[in-house]
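# Structural description and commentary
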Amino acid sequence: MASSPASAQMTTGERWVIYHRAVTPESEAPIEVCIPFTGSVEPVGRVALRIEPERLVAFAEVTRDDCSYPRITQAYEAVHEHVTAAGMILTAPPREIYLDSWDRVTGTAVFVHVAQPFEG
């Protein structure tokens, strides 16, 4: 975990990108870039804070080599198909949960979880 010496927050090490609609080379959509943390912090500038509730997620592991368009779309399709085929209810937009930094992960190592929050 990383922390700031002047404050009482610690990041969890993950980074998330939440996709509110599909993003492709031909289309734009709003996304959120999230840095989960513990502790307290005051937002400044364009930084917004919100509490993301604890959720169940179905996810697919994606290697660094497969973390590019269009290959990563296979993970989105597999997760969506699994959740809907099981009759689960989607409770939030899909997201990519980055487990480490690009430069610290090798090409065949798991780099991101493509996740879909759901409820039973």
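My aim in this report is to walk through the structure given alongside it, one point at a time.

In the structure shown here, the tally under the stated rule is zero disulfides. Looking at the unpaired cysteine 34, the closest cysteine sulfur is the one in cysteine 67, lying at 16 Å. Residue cysteine 67 is classed as buried on the basis of its relative accessible area, which comes to 15%.

Take the nonpolar core next. Among the nonpolar cores identified, the biggest contains 17 residues, and Val62, Cys67, Ile72, Val83, Tyr98, Phe111 and Val112 are the most heavily contacted of them. Once residues within four sequence positions are removed from consideration, tyrosine 98 is found in contact with Gly13, Glu14, Arg15, Val17, Cys67, Phe111 and Val112.

Right, let's talk about the pairing of strand E7 (residues 95-98) for a bit. Covered by surrounding structure in E7 are Arg95 and Ile97 together with Glu96 and Tyr98, the residues of both alternating faces. Of the pairings in the sheet, the one linking strand E2 (residues 15-19) to E7 comprises four bridges and is antiparallel in character. If you follow isoleucine 18 over to E7, its bridge partner there is arginine 95. As paired elements, E7 and strand E8 (residues 110-119) share four bridges and run antiparallel to each other. Bridging from a neighbouring strand, arginine 95 pairs with alanine 115 of E8.

Glancing now at a nonpolar patch on the surface. A grouping of Phe37, Val41, Val44, Val47 and Leu49 is seen on the molecular surface, where their side chains present a nonpolar patch of about 400 Å² in accessible area. With respect to the helices and strands, valine 47 occurs in the loop between strand E4 (37-38) and strand E5 (56-63).

Further remarks concern the packing of aromatic side chains. Counted under the stated rule, the structure contains three aromatic pairs. A ring pair is formed by tyrosine 98 and phenylalanine 111, whose centres lie 5.3 Å apart and whose planes are at 65 degrees; its orientation type is edge-to-face. Residue tyrosine 98 is found in strand E7, and its partner phenylalanine 111 is found in strand E8; the two are separated by 13 residues along the sequence. Here the aromatic cluster, defined as three or more aromatic residues joined through ring pairs, consists of Tyr98, Trp102 and Phe111.

Cut-offs and rules
Residues numbered from 1 in each chain as written. Predicted model: local features only at pLDDT ≥ 70, side-chain atom pairs only at ≥ 80, totals over all residues. Heavy atoms only, no water. Disulfide = S-S within 2.5 Å. Buried < 20%, exposed > 50% of the residue type's maximum accessible area, 1.4 Å probe, protein only. Core = buried A, V, L, I, M, F, W, Y, C linked by side-chain atoms within 4.5 Å. Contact = heavy atoms within 4.5 Å. Helix = DSSP H or I, 4+ residues; strand = E, 2+ residues; numbered from the N terminus. Pairing = 2+ DSSP bridges. Patch = residues over 30% accessible without salt bridge, like charges linked within 9 Å, V, L, I, M, F, W, Y side chains within 5 Å. Areas by Shrake-Rupley, 256 points an atom, 1.4 Å probe, with all protein chains shown as cover. Salt bridge = Lys/Arg side-chain N within 4 Å of Asp/Glu carboxyl O. Phe/Tyr/Trp six-rings, centres within 6.5 Å; stacked < 30°, edge-to-face > 60°.

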